[in-house]
Structures are given as C-alpha cells and as structure tokens.
Amino acid sequence: QVQLVESGGGLVQAGGSLRLSCAASGRTFSSYGMGWFRQAPGKEREFVAAISWSGGNTYYAASVAGRFTISRDNAKNTVYLQMNSLKPEDTAVYYCAATVDGTVVAGTEYLYAYWGQGTQVTVSS
C-alpha cells in the first residue's frame, strides 16, 4: 500500500511558477512509476506528466511540454512537478499517482493504482 500526499498548490498570476510536491509512504517508492494528472472544474481528469522509477524517462502532455518538468528524489520518496509560464487554463486540482510497474511512463489512468487527494492550483489572468 502506498499513500501519496500532494502539496505546493496555490494562487499564482499568469506567467508565474509553482512547484508541486508529492510525498509517498513506503520503502518501495523507488520502484514505482509516478504521474501527475489534473482535473479542471466541469472537465474530466487528464494526464499531465509521468516519470519512470529511475527518473531516466519522462513523458508530457502536449499542453504542458516545455513549461512543466517532472522529477523525483527517491531518497526523499518525493516526486515534483515544476510548473513555469502558468496559464489560466492550467487551473485545476492536481493529483499525483503511482504505478507498481516502474517502467511505465504513460498517461493512461488505469495503469496507476494509487492516488493522492489532490492540491488546488489557480492561475489568475
């Protein structure tokens, strides 16, 4: 069982930056693939970014590529999402998720068995 807790959300102006963190419990974190997803009001949850167990492989949604960076620190059991050049359309609840297959670097939700509670990101225009 893995528990995930997101933090770092908040209110920021367009063009600003935020860094989200996701702290994981358990000694097997370093073997998991990790992902970030988001859900805007009235919309379905969508994929944002994913990273393999080693951090060697990453994958981004087209809408955030070049602006967001996913990374991880296995010694701290934490995955990060650095968000730059934020836009109002980035406003959403952001969720981190874990998959037991550490080689998975994908945006398919059903591959992720564990989910956090989410953190709100609001970008004002």
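The paragraphs below set out a description of the structure included in this document. Remember, predicted model here, so these are calculated numbers, not experimental data. Position numbers for residues count from 1 along each chain, tracking the sequence in the order it is written. Totals for whole chains, interfaces and linings use all residues, but because this is a predicted model, local features are given only for residues with pLDDT of at least 70 and pairs of side-chain atoms are given and counted only at 80 or more. As a rule here, side-chain values come from all non-hydrogen atoms in the structure, and water together with hydrogens is ignored.

L4, M34, W36, L81, M83 and Y94 are the most contacted members of the largest nonpolar core, which totals 37 residues. For this core, the secondary-structure elements that each account for two or more residues are β3 (18-24), β4 (33-39), β5 (46-51), β7 (68-73), β8 (78-83), β9 (92-99) and β11 (119-124). Contacts are assigned to residue pairs with any non-hydrogen atoms lying within 4.5 Å of each other. Non-local contacts of L4, meaning those with residues more than four positions away in its chain, are made with C22, A23, A24, M34, C96, A97, A98, Y114, W115, G116 and Q117. We define the nonpolar core as a collection of buried residues of types Ala, Val, Leu, Ile, Met, Phe, Trp, Tyr and Cys that are connected through side-chain atoms lying within 4.5 Å of one another. Only protein chains enter the accessibility calculation, which uses a 1.4 Å probe. A residue is then buried if its area is under 20% of the maximum for its type, exposed if over 50%, and partly exposed in between. By the criteria applied, helices consist of DSSP H or I runs no shorter than four residues and strands consist of E runs no shorter than two, each listed in order from the N terminus.

It is worth spelling out the sheet that holds β8 at this point. The four strands are arranged β1-β3-β8-β7 in an open sheet whose pairing can be described as antiparallel. The two strands at the open ends of the sheet, each matched to only one other strand, are β1 (4-7) and β7. Neighbour-to-neighbour, the strand axes of this sheet turn through a mean angle of 15°, independent of strand direction. Following DSSP output, two strands are said to pair if at least two bridges run between them. Fitted lines through C-alpha atoms give the axes, limited to the stretch in contact for helices. The angle between two N-to-C directions lies from 0 to 180 degrees.

Side chains T119, V121 and V123 of β11 all project onto a buried face; the interleaved residues Q120, T122 and S124 project onto a face where none is buried. For strand β2 (residues 10-13) and β11, the ladder comprises four bridges, and the chain directions are parallel. Residue pairing across strands places Q13 opposite S124, the latter belonging to β11. Two elements, β9 and β11, share three bridges in a ladder whose sense is antiparallel. Of the residues in β11, the one forming a bridge with V93 is Q120.

We call a pair of cysteine sulfur atoms a disulfide when they lie within 2.5 Å. All chains considered together, the criterion is met by one disulfide. Here C22 connects covalently by a disulfide to C96, the sulfurs 1.9 Å from one another. One disulfide, between C22 and C96, carries an S-S torsion of 45° and so falls in the right-handed class. Placement of C22 in strand β3 and of C96 in strand β9 is noted, with a sequence separation of 74 residues between them. The residues C22 and C96 share a single accessibility class, namely buried.

By the element assignment, T91 lies in the loop between β8 and β9. Distance and chemistry together define a polar contact, namely a pair of N or O atoms within 3.5 Å, with one atom able to donate a hydrogen and the other to accept it when in protein, and with adjacent residues in sequence counting only for side-chain atoms on both sides. A distance of 2.9 Å separates the side chain of T91 from the backbone oxygen of P88, its partner in a polar contact. A polar contact is formed between the side chain of T91 and the backbone nitrogen of V123, at a distance of 2.9 Å. Not counting residues up to four positions away in its chain, the partners in contact with T91 are A40, P41, Q120, V121, T122 and V123.

Remember that the coordinates give geometry; whether it matters functionally is a separate question.
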